[in-house]
Amino acid sequence: MFFEVFNANFWAIFGGALAFFLAAAGSAKGVSIAGEAASGVVAEDTDKFVNVMILEALPSTQGIYGFVIAFMIMAAMTELGSAITMQQGLTLFVAGLPIGIVGMFSGIYQGRVAAASIGIVAKRSGDMVKGIILTLMVELFAIFGLLISILMVGRV
Amino acid sequence: MAVVGMKKLTLVGLHDDRHRILSRLMELGVLDISDTEINPEIEHLFKKEVDSDDIKELEGKIHTLEGAISVLRPFDKRKKPLFKVRKDMNHHDFSAVILRRHEVLAEASRINRIRTELLGIKSDINKYNSSIIQLNSWNALSIPVESTDTLRTEIWKGMLPAAADTEAILKSIDEEELACSIEITGSDNDQTYITVYVHNDDAQKVSSILKRNGFSNVNFPGLRGSVSENISLMEEKIGENQKEIAGIEENLAELSLHLDEIETVYDYYSIRKDISLMEGEIAAGKRVFFLEGWIPESIEEKLLADLSEKWVVDINTRHPLEDEEFPVLLKNGFIADSVEDITNMYDVPSHKAVDPNPVMAPFFILFFGLMLSDAGYGLLMAIACGVVYFFVPIEDTMKRFMKMMMLCGLATVFWGTLFGSWFGNLIPVLSGNPSMNISVWFEPVKNPEYMLMWALLFGVIHLYAGLAMKAANLIKRKKYLDIVWDVLSWYVFFTGAVFLVMPYVPAVPESAIQAVEPYGIYLFAVGAVILLFTQGRKSKNIFGKIIGGLSALYDLIGFMSDVLSYSRLLALGLATSVIAGIVNEMGSMGGFSFTGVIVFILVFIVGHGINFALNALGAYVHSSRLQYIEFFNKFYEGGGKAFAPFRRNTKYIRIKD
C-alpha cells in the first residue's frame, strides 16, 4: 500500500519539487536581504539604482538553477515513462537534493554578502565590481550544486 | 597594442602667457600634468600660487548656473536621446554664447530667485493645508475661534487623548457640582476635541481635573471668525497660490528654451575653474613659470611645434628613468580595445607589465558567448549593440561597451550555432519534432558530461594563457631564468596533474586517457621536484626555502579549484537553454490556433525577454569573474595610474575645432 502511493513517480516529483522549492526559497530570502539594503542606498542616492540592482539580482540565480533541475527531472521522467523503476525514482529524488539544499543556503548567504557589497556601492560606486566579485564567490557553490545535480540526473 | 611609451616633459614659459598656454594645453588634451615638485634649490624663485578668491568666485558662478539648470530641467522640452551625449559645438558658436555670459549669468540668478519664490509659495500651501486639517477637527465648534473668555467664564478649547475616559471625566465634574459645561466638538482615533465653558470661580478645579487626564490646550493664533469661514478663506488662498505657481511654471517653461546657453556657460566656467586650479599646481616665478607632465611619445613633436610656434617656451623631454612610474595609456586594436574598461574596473595595469587586454579579450568574449550560448539571443544583442555602435552618437566609454557587447553577441551566435540553440529549441518545436537536432557540434542539454569536459579544458587553456602572460611580464623585465622556474615548471607540474586526473573526469575519450596517462606521473614528479627546490629560492633562510617549496605544491589545490570553477561555463549555458526550452513549451501549449498564436507570441516575448536579461547579466559578471580571479591571479600586476591628460572636462558640450 505504502509503495503504491509513494511510488517511483512520486519520489522523482518530490525530488524536483525540493530542488526548486529549497533553492528558490533561498534565492527569495537572499534577494530580499540584498533588496532591503539596496532600497536604503537608493533612498539616499537614486543614481546608484542600476549598480545596486545588479548586486541585488545576483542571489536570484539559485532559484533559476533549482528551476532547471526540477525541469530536468521532469524531462527524465517523461523519457522513462511508465517503465520507471523504484530505484530510478529514488535516484532522481536524491539528485534533486544537491541544488536544493546548497541552493537554499548559498542563496541566503549570498544575499548577505550582496547586502554588504551594496554598502560598498553606497560609499564608492566605482568599487561595484569588487562587490560583485565578493558576491560571486558564494555563487560558485550553487553552481557546483547545479552541476552535481545535472550529472546525477544524467546518470539515471 | 600595448602600454604606450611616455616621455616626461618640462615646459618653461613666460608668466604672462601662462593662462593662454594652459588653455591651449587643455584644448589639445594630451599632457598629463603632474603636481610640480619645486626642489629646494629654486624654492626662493618659484612657488605655487593658488588664487583661491578667483576659484571661489568661479565656483559661485558654477553653483548659480547649476541651480538654474536643475530648476529648468523638468521643463526641458528638447529631444532627449536614448544615450546621454554631450552636444557638439564649434568654436564660433561657443564664443558667441560666451560673449553673452554675463547676461546668461544674470538670468541664472533670476531663475534661482524664482525657485526661492516658488518654494515659498509651496510652503505656504503646505501651511494652509495643515491648518485646514487641524481646523477640520473643529468643524462643529459653534463659537468664533478667537473667543477665550466672557465676563464671568473662561472658554478653553483643547484635546483629550482618546484613551481618556471622557464620560468619567464629565461625570466627576458633574458630581463635584462645578459650574462648567463641556461640549464634545469632534473626535478621531487619537483624540477627543472638547470645548470647555467654565465659571471663573471653578476654573482652577476643572483645570486640574482635566490636566490630570491629559488635556492639552489649543489656540488658533491669528485666526478670527468661525471655523468654516477660515477653512474657505484658506482654500481660496491655496487656489490663488496654485494659480500663481502655474504662472511661474509657464514662465520657467519659456525660460527653459535658454537651457542650451546656460549649460554652455556652465561648461565655460568649469573649464576656467580647471585652469585656475591647474595654475595653482604649477611653479610660478616672477617672470616665468614651469610645469612638468607626461606625454605619449608619438604626440611629442606635434605639441612642441604647436607651442613654440605661438609662444616663447622652452620644452625639454626625456624618457622615463629606470623604475620611474609613468601614467599608463593603453593602445589596442579593435577587439582588445573593447575590454579595456573591464580590466580597468579591476585595476589599471602597471606600467612595468604587459597589457593583458589583447589576450584577455578573446577569452572574455568567448566565455560570455559560451555562458549565454543561444544564437537567437546573441543575434539580437549583436544587432542592437551594432546599430548603436555604428549609427548612434554616443560617448567613448559607452561606445566601447557597445562594441564589446556586439562582439559578445557574435560569440554567442557562434556557440549557439554549434550547440543548435536558437531561442532554445524554437525551431524543433515549431517544426513539430522536438527531438530534432540542429546543432553543428553537439547539444549540451543532451550530453552535459561531454560539455563539462570541454568547459574544464577551456579553463585549463585560459589558466595556461595566464601563465604565459606571466612569462611575458618576466621577458619584459629580462628575467629569463625565472621563466623556467616560475612558468615552465608550473606547466610541467600542472600538465602532469591534469593527465593524472583525466580518468576521473566524465566523458573523456578512452583513447586520450590511454595516450597521456602514463606520462602524467613523470611530468607531475619532475614538475614537483623543480618547484620544491625553486619556489623558496627568494627566502633567506633554509626554513623559508623549504616552506616556500612545500607551499608551492599546495598551489596544486588552488589550480584544481580554479579549473573546477570553469564548470560554470556549462552550468550557465545549460540554464539558458533549459529555460528557453521551457518558455517554448509553455508558449506552444495553446496549439496552432488564433488564440494559440497570440499566447505563443506573448509568452515568447516575456519569457525570452526575462531569460535573456538574467542570463546576459550572469554571463557578463561571471565572464568578468573568470578573468579577475582565475586569469589575473596568475600574473596580473595592477597599481598603475591611468593616463589622465589635462583636458576640457565638460558636462554638456564638446567644443570642436
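What counts as what
- Residues numbered from 1 in each chain as written.
- Chains lettered and ligands numbered in written order.
- Predicted model: local features only at pLDDT ≥ 70, side-chain atom pairs only at ≥ 80, totals over all residues.
- Helix = DSSP H or I, 4+ residues; strand = E, 2+ residues; numbered from the N terminus.
- Rg over C-alpha atoms; globule rule 2.2 N^0.38 Å.
- Buried ≥ 20, exposed ≤ 12 C-beta atoms within 10 Å, placed from the backbone.
- Contact = placed C-beta atoms within 7 Å.
- Nonpolar A, V, L, I, M, F, W, Y, C, P; charged D, E, K, R; others polar.
- Pairing = 2+ DSSP bridges.
- Axes fitted to C-alpha atoms, helices over the stretch in contact; angles between N-to-C directions.
- Parallel < 35°, antiparallel > 145°, perpendicular 65-115°, else oblique.
- Expected span 1.5 Å × (residues − 1).
- Core = buried A, V, L, I, M, F, W, Y, C linked by C-beta atoms within 7 Å.
- pLDDT = per-residue confidence, 0-100.

**Considerations on the overall build of chain B**
Piece 1. A count of helices and strands for chain B gives 20 helices and 13 strands.
Piece 2. A compact globule built from 657 residues should have a C-alpha radius of gyration of about 26 Å, whereas chain B, at 38 Å, is more than 25% larger.
Piece 3. Counting only C-alpha atoms and orienting by the principal axes, one finds that chain B spans roughly 115 × 80 × 65 Å.
Piece 4. With 657 residues in all, chain B has 32% of them scored as buried.

**Quick word on the overall build of chain A**
Piece 1. What chain A contains, in helices and strands, is six helices and zero strands.
Piece 2. Taken from N to C terminus, the helices and strands of chain A fall in the order α-α-α-α-α-α.
Piece 3. Taken over 156 residues, chain A has a buried fraction of 53%.

**Things to note about the interface of chain A and chain B**
Piece 1. Taken together, the contact pairs 20 residues of chain A with 23 residues of chain B.
Piece 2. Looking at the side of chain A that touches chain B, the elements with two or more residues in it are α3 (49-57), α4 (61-80) and α6 (128-155) of chain A.
Piece 3. Per element, the largest residue contribution to the side of chain A that touches chain B is 11 residues, and it comes from α6(A).
Piece 4. Grouping the amino acids of the side of chain A that touches chain B by side-chain chemistry returns 18 nonpolar, two polar and no charged.

**Here's the deal with the sheet that holds strand β5 (residues 153-161) of chain B**
All names here are of chain B.
Piece 1. Strand order in the open sheet formed by four strands is β6-β7-β5-β8, with antiparallel pairing between adjacent strands. Two strands bound the open sheet, and with one partner strand each, they are β6 (180-187) and β8 (216-217).
Piece 2. With two bridges joining them, β5 and β8 adopt antiparallel strand pairing. The residue of β8 that forms the bridge with M159 is S216.

**Comments concerning unusual backbone geometry**
All names here are of chain B.
Piece 1. In this structure, D323 takes a positive phi of about 70° despite not being glycine.
Piece 2. When you line up the elements, D323 lands in the loop between β11 (313-318) and β12 (330-331).
Piece 3. Given 6 C-beta atoms within a 10 Å radius, D323 is considered exposed.
Piece 4. Positive phi values are uncommon outside glycine, yet K478 reaches one of about 60°.
Piece 5. The residue K478 is located in the loop between α15 (448-476) and α16 (480-501) in this model.

**Focus on the pairing of β5(B)**
Piece 1. Across nine bridges, the pairing between β5(B) and strand β7 (residues 191-199) of chain B is antiparallel. Along β7(B), the bridge assignment pairs B:I155 with B:Y197.

**Some points on the pairing of strand β10 (residues 288-296) of chain B**
Residue and element names in this part refer to chain B.
Piece 1. As defined by bridge partners, strand β2 (residues 6-14) adjoins β10 across nine bridges and the pair is classed as antiparallel. Its bridge partner lying in β10, K7 is registered against I295.
Piece 2. Of the pairings in the sheet, the one linking strand β9 (residues 283-284) to β10 comprises two bridges and is antiparallel in character. For A283, the partnering residue across the bridge sits in β10 and is F290.
Piece 3. Hairpin connection of β9 to β10: three residues between the antiparallel strands.

**Overview of the packing of α15(B) against helix α19 (residues 567-587) of chain B**
All names here are of chain B.
Piece 1. It is at 7 Å that the axes of α15 and α19 come closest, and there the two elements cross at 135°. If you check the angle between α15 and α19, you find them oblique. The residues of α19 that touch α15, namely those facing P448, M451, L452, A455, L456 and F458, are S567, L569, L570 and L574.
Piece 2. Partitioning the contact of α15 with α19 into residue classes produces nine nonpolar, one polar and no charged.

**Quick word on the environment of B:P518**
Piece 1. Mapped onto the elements, B:P518 comes out in helix α17 (residues 510-534).
Piece 2. Along the primary structure B:P518 and B:G496 are separated by 22 residues, whereas in three dimensions their C-alpha atoms are 9.6 Å apart.

**What to know about α19(B)**
Piece 1. Taking 1.5 Å per residue, 21 residues should reach 30 Å; α19(B) reaches 30 Å between its end C-alpha atoms and fits that length.
Piece 2. Most of α19(B) sits out of view: 18 of its 21 residues are buried.

**Focus: the nonpolar core**
Piece 1. Core analysis: the largest hydrophobic core is formed by 120 residues, its most contacted members being A:V68 and A:I73.
Piece 2. At 15 residues, the largest contribution of residues to this core is made by helix α2 (residues 8-44) of chain A.
Piece 3. Excluding residues that lie within four positions of it along the chain, A:I73 makes contacts with A:A12, A:G15, A:G16, A:A19, A:L92, A:A95, A:G96 and A:V153.
Piece 4. Counting residues in hydrophobic clusters, the runner-up holds 20 residues, among them B:L11, B:I33, B:A283 and B:F289.

**Re the environment of B:V288**
All names here are of chain B.
Piece 1. Following the sequence through the fold, V288 ends up in strand β10.
Piece 2. The exposure class assigned to V288 is partly exposed, which follows from the 19 C-beta atoms found within 10 Å.
Piece 3. Ignoring sequence-local partners within four residues, the contact set of V288 consists of V12, G13, L14 and H15.

**Details of the packing of α4(A) against α6(A)**
Residues and elements named next belong to chain A.
Piece 1. Relative to each other, α4 and α6 sit at 0°, their axes nearing to 10 Å. The angle between α4 and α6 places the two elements in the roughly parallel class. In this structure, α4 contributes T61, Q62, Y65, V68, I69, M72, I73 and A76 to the contact, and α6 contributes E139, A142, L146, S149, I150 and V153.
Piece 2. Taken together, the residues that form the contact of α4 with α6 break down as 10 nonpolar, three polar and one charged.

**What about the environment of A:L92?**
Residues and elements named next belong to chain A.
Piece 1. Counting through the fold element by element, L92 comes out in helix α5 (residues 86-123).
Piece 2. Spatially, the C-alpha atoms of L92 and G154 are 9.5 Å apart, while their sequence positions differ by 62 residues.
Piece 3. Ignoring anything within four residues of it in the chain, the contact list for L92 reads W11, A12, G15, I73, A76, V153 and V156.

**Let's talk about the confidence of the model for chain B**
Piece 1. Taken as a whole, chain B shows an average pLDDT of 88; of its residues, 100% reach a score of 70 or greater.
Piece 2. With pTM at 0.82, the complex prediction returns an ipTM value of 0.80.

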